[in-house]
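The primary structure of each chain is shown beneath.
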Amino acid sequence: MRRLGLRRAVLTLVTLLSASAVAAGPATASPAASGDPVRLPVMPSRLSAGADCTGGSATVAEAVPWEQVNLQLSRTEQFGTGAGVTVAVVDTGVSMEAPALAGRVTAVGGAGDDCVGHGTFVAGLIAAAPVDGVGFSGAARQARVVAVRGTDKRGAATDGSVADGIRAGVDAGARVIVVSPALTRDSAALRRALAHAAAHDALIVAAAAPDAPRDGTSSAAPPADYWPAASDGVLSVVDVDVRGQRPEGAFTPRHADLAAPGDGVLGIGPRGRGHFIGSGPSLAAGYVAAAAALVRSAHPDLSAAETARRLVTTAYPADVPRLDPYGALTFVPGASPGPAPADRSRPVRLQTDEAGARATRRALWPAGAAAGLILVTVWAAVIIPKGRARRWRPPGKDASTAG
């Protein structure tokens, strides 16, 4: 019986350690951090001519998605929720029919209708409400969302449409503005819109490159600048996958300020309770915008520029620093500075997973402490009574003959 008790204790230890590693360690290739992979429909960033509007998904993913485990969002809740901060989503619109965003969205003009679904997906990454039995929710769930149209109804963007969207977001009182489209040219209209945002202390977070087409044709494209992300004063973001690498076939920008999960991430659709899966820098920008909302909520005295600097300097060091929302929220002024601003003259490269390794090491620290506590418990519950029964003598020696 004692051997059985010891075996059970060891098995309990192994099980608990495994659970700790899943909860705090590296994410898996599945949309969920644990359990079986969930097959989900893909969220497009634009629709081809004649394609039907994106409908609802029939699948509800219940587990916490890998990207939210990777970002350690469960650790941020006690420090910031996004309350009091409005985030403008410059995208395909944000559906007023999405249940997870009910009561959280204000639409400018016709932006409350989202045929593509992409803007709704991004808004959900920021502010989707928690649902019982579902692991996914917005990273800044108490933030407010302003939906502004940055594309036409099928997802095609121009410098004029993006500029108008930025201006509309600023005029609606947004303190953070996420821009999903990445354009191949700059324009006077974009520069004026960015100046308007700067004058009102609104932080612009933009995708550093376009979302890759599904056929992978972008893989041969040379590094290039994309706007408005390439403009001074804009926080530019690239996507990384579960390994901390740029996805295969991704467009490569000449510069990016931050990297965040954006390949195979989970989100909501324009209607219904089901989930979609999506990929691209625009989704990574959504997570950075959510982190900016958390910081501006917890530290309302910070300016837009100071918020951007805080996000970059508290990120995990890498060729492109990896977003760390918890670090940004809890950073103490006067502590060791983070990485210097990136050199905009060098193309983006992500050749190692050192940032992911650092994130994993930091996340596993609490798990290691828990493991130590479990070992002590096992020792107290099993080993000590067993030792006392033997009067602390090795097995195989009778107490009467020991001397």
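Just above sits the structure.
Here's a quick rundown of the structure. Quick caveat: nothing in here was measured; it's all calculated off a predicted structure.

1. Topic: the overall build of the protein chain
Stage number 1. In terms of regular secondary structure, the protein chain is built from 9 helices and 9 strands.
Stage number 2. Taking all 403 residues of the protein chain together, the buried fraction comes to 51%.
Stage number 3. Look at the contacts in the protein chain between residues 6 or more apart in sequence, and 76% of them connect residues 24 or more apart.
Stage number 4. Surface accessibility of the protein chain: about 18100 Å² in total, with carbon and sulfur atoms responsible for 55%.

2. So, the packing of helix α4 (residues 159–171) against helix α5 (residues 188–199)
Stage number 1. Where α4 contacts α5, the two axes come as close as 8 Å, and the packing angle between them is 15 degrees. Classed by the angle they form, the pair α4 and α5 counts as roughly parallel. Handedness of the crossing formed by α4 with α5: left-handed. Residues D159, V162, A163, I166, R167, V170 and D171 of α4 touch α5, and the partners they reach there are A189, L190, R192, A193, L194, H196 and A197.

3. Concerning the nonpolar core
Stage number 1. Membership of the largest hydrophobic core comes to 63 residues, with the highest contact counts inside it found for V87, I126, V205, L235, V288, L311 and L323.
Stage number 2. Excluding residues within four positions of it along the chain, V87 makes contact with I126, A143, R144, V145, V146, A174, V176, V178, A289 and A293.
Stage number 3. Grouped together as the second largest cluster of nonpolar side chains are 23 residues, A163, A168, I177 and A193 included.

4. Let's talk about the pattern of salt bridges
Stage number 1. Under the definition given, this model contains 8 salt bridges.
Stage number 2. A salt bridge links R271 to E97; the shortest N-O distance between them is 3.5 Å. With R271 in the loop between β8 (263–268) and β9 (275–279) and E97 in the loop between β1 (86–91) and β2 (105–107), the pair connects residues that are 174 residues apart, well separated along the chain.

5. Focus on the environment of G244
Stage number 1. For G244, the position within the fold is in the loop between β6 (235–240) and β7 (258–261).
Stage number 2. Each C-alpha atom, one on G244 and one on A318, is 9.9 Å from the other, the two residues being 74 residues apart in sequence.

6. Some points on the environment of S297
Stage number 1. Along the chain, the position of S297 falls in helix α6 (residues 281–298).
Stage number 2. Separated by 122 residues in the primary sequence, S297 and R175 place their C-alpha atoms 10.0 Å from one another.
Stage number 3. Not counting residues up to four positions away in its chain, the partners in contact with S297 are T81, G82, A83 and V85.
Stage number 4. From its side chain, S297 meets the backbone oxygen of A83 in a polar contact 3.0 Å long.

7. Description of the sheet that holds strand β5 (residues 203–207)
Backbone hydrogen bonds hold the strands of a sheet together, and the pairing may be parallel or antiparallel.
Stage number 1. The sheet built from 7 strands is open, its strands ordered β2-β3-β1-β4-β5-β6-β7 with parallel pairing. Where the open sheet ends on each side, the last strands, each with one partner, are β2 and β7. Geometrically, the sheet is characterised by an average inter-axis angle of 25 degrees between neighbouring strands, direction not taken into account.
Stage number 2. The pairing of strand β4 (residues 176–179) with β5 spans 4 bridges and is parallel. Looking across to β5, one finds that V176 is bridged to L203.

8. A short note on unusual backbone geometry
With the exception of glycine, most residues fall at negative phi, and the peptide bonds are largely trans.
Stage number 1. Along the chain, W227 connects to P228 via a cis peptide bond; the corresponding omega equals 10 degrees.
Stage number 2. Tracing the sequence through the fold places P228 in the loop between β5 and β6.
Stage number 3. In this structure, Q72 is a non-glycine residue whose phi angle is positive, near 55 degrees.
Stage number 4. Looking at the element boundaries, Q72 is found in the loop between α2 (66–70) and β1.
Stage number 5. Accessibility expressed as a relative area gives 7% for Q72, which makes it buried.
Stage number 6. The phi angle at D201 is positive, at roughly 55 degrees, despite the residue not being glycine.
Stage number 7. Mapped onto the secondary structure, D201 falls in the loop between α5 and β5.

9. Some thoughts on the packing of aromatic side chains
Stage number 1. Considering all chains together, one arrives at 2 aromatic pairs under this definition.
Stage number 2. When the ring of F79 is compared with that of Y326, the centres are 5.7 Å apart and the planes differ by 70 degrees; the resulting orientation is edge-to-face. A residue pair is termed long-range when its members are at least 10 positions apart, and F79 in the loop between α2 and β1 and Y326 in helix α8 (residues 325–330) qualify at 247 residues.
Stage number 3. A centroid spacing of 6.2 Å and a plane angle of 70 degrees characterise the contact between Y226 and F251, whose relative ring orientation is edge-to-face. Within this pair, whereas Y226 is found in the loop between β5 and β6, its partner F251 is found in the loop between β6 and β7, the two being separated by 25 residues in sequence. Considered together, Y226 and F251 belong to a single accessibility category, that of buried residues.
Stage number 4. The ring of Y326 is capped by R75, whose NZ or CZ atom sits 3.7 Å from the centre of that ring.

10. Considerations on the pairing of β9
Stage number 1. Here β9 lies mainly inside the structure; 4 of its 5 residues are buried.
Stage number 2. For β8 and β9, the ladder comprises 5 bridges, and the chain directions are antiparallel. Bridging across to β9, D263 finds its partner in S279.
Stage number 3. Counted along the chain from β8 to the antiparallel partner β9, the turn is 6 residues long, and its residue G272 has a positive phi close to 80 degrees.

11. Section: helix α3 (residues 118–127)
Stage number 1. Within α3, 10 of the 10 residues are buried, which leaves the element mostly enclosed by the surrounding structure.
Stage number 2. Turning to α3, its buried residues number three or more, namely H118, G119, T120, F121, V122, A123, G124, L125, I126 and A127.
Stage number 3. Residues of α3 that are buried make contact with β1, β3 (144–149), β4, β8, β9 and α6.

The rules behind the values
Position numbers for residues count from 1 along each chain, tracking the sequence in the order it is written. For this predicted model, a pLDDT threshold of at least 70 governs which residues receive local features, and a threshold of 80 or more governs which side-chain atom pairs are given and counted, while totals over whole chains, interfaces and linings are taken from all residues. Side-chain descriptors were evaluated using all non-hydrogen atoms of the structure, hydrogens and water having been removed beforehand. Numbering goes from the N terminus for both helices and strands, where a helix is a DSSP run of H or I of at least four residues and a strand is a run of E of at least two. To sort residues, take the accessible area from a 1.4 Å probe on protein chains only and compare it with the maximum for the residue type: under 20% means buried, over 50% means exposed, and anything in between is partly exposed. Note on contacts: a residue pair is in contact if any heavy atoms of the two residues lie within 4.5 Å. Only the protein chains shown count as cover for residues, with accessible areas throughout obtained via the Shrake-Rupley method and a probe of 1.4 Å. Note on geometry: axes are C-alpha line fits, over the in-contact stretch for helices, and angles between N-to-C directions span 0 to 180 degrees. Small angles under 35 degrees read as roughly parallel and large ones over 145 as roughly antiparallel, with 65 to 115 read as roughly perpendicular and the rest as oblique. Helix crossings get a hand from a simple test, with the near helix turned counterclockwise from the far one by less than a right angle marking a left-handed crossing and a clockwise turn marking a right-handed one. Only buried residues count toward a nonpolar core. Its members are Ala, Val, Leu, Ile, Met, Phe, Trp, Tyr and Cys residues joined through side-chain atoms within 4.5 Å. Throughout this description, the term salt bridge denotes a Lys or Arg side-chain nitrogen within 4 Å of a carboxyl oxygen of Asp or Glu. Polar contact is the term for a pair of N or O atoms within 3.5 Å; when the atoms are in protein, one must be able to donate a hydrogen and the other to accept it, and sequence-neighboring residues count only if both atoms are side-chain atoms. By definition, two strands form a pair when at least two bridges between them are found by DSSP. For Phe, Tyr and Trp, where Trp contributes only its six-membered ring, two rings pair if their centres lie within 6.5 Å, and the inter-plane angle classes them as stacked under 30 degrees, edge-to-face over 60, or tilted in between. Remark: a charge is flagged as sitting over a ring if the NZ atom of Lys or the CZ atom of Arg is within 6 Å of the ring centre and within 35 degrees of the ring normal.

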